[in-house]
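Tertiary structure, described
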Amino acid sequence: MHKVPVGVLGASGYAGRELCALAAAHPGLDLVFASANEQRGHRARFAGEEVTFFAPEDAPLGSAEVVFSALPHGASAAWVANARGAGARVVDLSADFRPGTNATGTRAPYGLTELVRDEIPGSEVIANPGCYPTAILLGVAPLFREALVLPGGVINISAASGVTGAGYGARHELMFAELAEDFRAYAVGNAHRHLPEMQAMVQKLGGKGNDILFTPHLLPVARGILATITIPLTRSIADPASIWRKHYGTEPFIEISDTPPTLRDVVRRNVVRISATMAENLRQPTVIVIAAIDNLIKGAAGQAIQNANVLLGIEERTGLPL
Ligand SMILES: NC(=O)c1ccc[n+]([C@@H]2O[C@H](COP(=O)([O-])OP(=O)(O)OC[C@H]3O[C@@H](n4cnc5c(N)ncnc54)[C@H](OP(=O)(O)O)[C@@H]3O)[C@@H](O)[C@H]2O)c1
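This is a predicted model, so every value here is computed, not measured.

**Let's talk about the pairing of strand β5 (residues 66-69)**
Of the two faces of β5, the one carrying Val 66 and Phe 68 and the one carrying Val 67 and Ser 69 are both buried. Pairing between strand β1 (residues 4-9) and β5: 4 bridges, direction parallel. Looking at β5, one finds that Val 6 is bridged to Val 66. Note that β5 and strand β6 (residues 89-92) share 4 bridges and pair parallel. When the bridges of β6 are listed, Val 66 appears paired with Arg 89. Assessed by its sense of winding, the connection that carries the chain from β5 through helix α2 (residues 76-85) to β6 is right-handed.

Put into structure tokens, the structure is as follows:
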């Protein structure tokens, strides 16, 4: 197979390391550079090959056909512009090009692959979704497509993420002794930075005045997201899982489960696993959707590779852990 040269910006971070590992093991991709900031000059092994992290200024952007940017929000946009200037197409993992937070004006499909597959080929920049939104939006989308969501109804989400979701940077509240054997909510008050992209996508999916109330939690594990989503419906559904089965059919990276998924079902896999159960003892028909992903794979690097596969015309499952 001809190998497409790719580079990773922010390769020394949590998402970037996963990207390097997937790209290095991918039969259709050739990892030609990896950048770091404070860790510039450090070495790491991916798929048996030793890689030295360049400073971004020294990364040979023009040698890559596709550049993955796993840089922090705010820092990414300028490097995406540099990569495009050097002739590369870009899959950006930051929020800089996502709907609701794209201040650049650049046209960039929101790469929730299963929902926007047709928009990806021919794109110069793809805005890879946030980790929580990946689980949540894939979880709720079929209900909007079936026009089952109560107009004006609030979509209530309680979700928990492993600590890698916060990135590699050192912070006191992320130290082991602060986290272990504890469980806490954060960004309480419905102002988390993932809200704008979820609101934009709910609109695109046909939401009618539906607000999102999102409360994230910090789970003392390294990786994984579990989101519990309650959605008021226009009517009760006898077999709720059938809605997801109908919409996702043979999607290779979406699993519909008869029992609530757990993190063990999804960790280190490029899948979202979803269950749906009608709530009893409520006057308003309400469905409880539970969606689980690995934040670093389906919620970041795996989905980015999935988007690159579609962009490059490579079979979508190639190089991705099922
Ligand atoms: N973690 C997740 O679960 C997740 C999921 C979805 C999307 N994302 C997104 O992916 C991106 C990376 O997240 P992450 O969690 O992997 O972050 P991270 O662990 O903090 O890694 C950030 C990377 O960017 C580099 N970097 C930091 N500031 C830089 C600057 N000013 N110029 C150039 N390079 C710089 C860092 O290099 P040094 O370490 O060498 O300083 C590191 O390689 C973010 O935009 C994040 O929102 C993350």
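**A short note on the site of the ligand**
Taken together, the neighbourhood of the ligand is formed by 30 residues, with Gly 10, Gly 13, Gln 39, Gly 167 and Tyr 168 sitting nearest. For the shell around the ligand, the secondary-structure elements that each account for two or more residues are α1 (14-25) and α9 (297-312). When residues in the shell around the ligand are grouped by element, the largest group, 3 residues, is from α1. The residue makeup of the shell around the ligand, split by class, is 14 nonpolar, 15 polar and 1 charged. Formed jointly, the shell around the ligand draws a minimum of three residues from each of two domains, domain 1 (4-129 + 299-312) and domain 2 (131-295).

**Description of the pairing of strand β11 (residues 225-232)**
If a strand is regular, its side chains alternate between the two faces of the sheet. Of all 8 residues in β11, 6 are buried, a share of seventy percent or more. The sheet contact formed by strand β8 (residues 155-161) and β11 spans 6 bridges and is antiparallel. Bridged to Ala 160 within β11 is Leu 226. In this structure, β11 lies alongside strand β14 (residues 286-293), joined through 8 bridges in antiparallel fashion. Directly across from Ile 231, in β14, lies its bridge partner Val 287.

**With respect to the sheet that holds β8**
Pairing is mixed in the open sheet, where 7 strands are placed in the order β9-β10-β8-β11-β14-β13-β12. With one partner strand each, in any of the chains shown, β9 (184-185) and β12 (254-256) form the two edges of the open sheet. Relative to strand β10 (residues 212-218), β9 runs antiparallel, the two being bridged by 2 bridges. Paired with Ala 185 across the bridge in β10 is His 217. Set on the sheet, helix α7 (residues 241-248) makes contact with β12 and β13 (272-278); between it and β12 the angle comes to about 150°.

**Let's talk about the environment of Pro 5**
Looking at the element boundaries, Pro 5 is found in strand β1. Under the C-beta neighbour-count criterion, Pro 5 is labelled partly exposed, with 17 such atoms within 10 Å. It is 26 Å that separates the C-alpha atoms of Pro 5 and Gly 74, two residues lying 69 residues apart in sequence. Contact partners of Pro 5, with chain neighbours within four places excluded, come to Asp 30, Val 32, Ser 63, Ala 64 and Glu 65.

**A word on the domain arrangement of the chain**
A common way to express how large an interface is: the accessible area buried when the components associate. Segmenting the chain into domains produces domain 1 (4-129 + 299-312) and domain 2 (131-295). Here the C-alpha centre of domain 2 lies 25 Å away from the C-alpha centre of domain 1. Taken together, the contacts link 17 residues of domain 1 with 24 residues of domain 2. Elements that contribute at least two residues to the side of domain 1 that touches domain 2 include exactly α3 (113-116) and α9.

**Focus: α9**
Every α-helical turn comprises 3.6 residues, leaving residues that sit three or four positions apart pointing alike. Taking 1.5 Å per residue as the helical rise, α9 with its 16 residues ought to reach 22 Å, whereas the 19 Å between its terminal C-alpha atoms falls clearly short. At Gln 303, α9 shows its largest bend, some 45°. Phi turns positive, to about 75°, at Gly 313, one or two residues after α9.

Definitions and limits used
Residues numbered from 1 in each chain as written. Predicted model: local features only at pLDDT ≥ 70, side-chain atom pairs only at ≥ 80, totals over all residues. Buried ≥ 20, exposed ≤ 12 C-beta atoms within 10 Å, placed from the backbone. Helix = DSSP H or I, 4+ residues; strand = E, 2+ residues; numbered from the N terminus. Pairing = 2+ DSSP bridges. Right-handed = clockwise from strand over helix to strand, strands pointing away. Near = placed C-beta within 6 Å. Nonpolar A, V, L, I, M, F, W, Y, C, P; charged D, E, K, R; others polar. Domains from an automatic or database assignment. Contact = placed C-beta atoms within 7 Å. Axes fitted to C-alpha atoms, helices over the stretch in contact; angles between N-to-C directions. Expected span 1.5 Å × (residues − 1). Bend = angle between axes of the 7 residues up to and from the residue.

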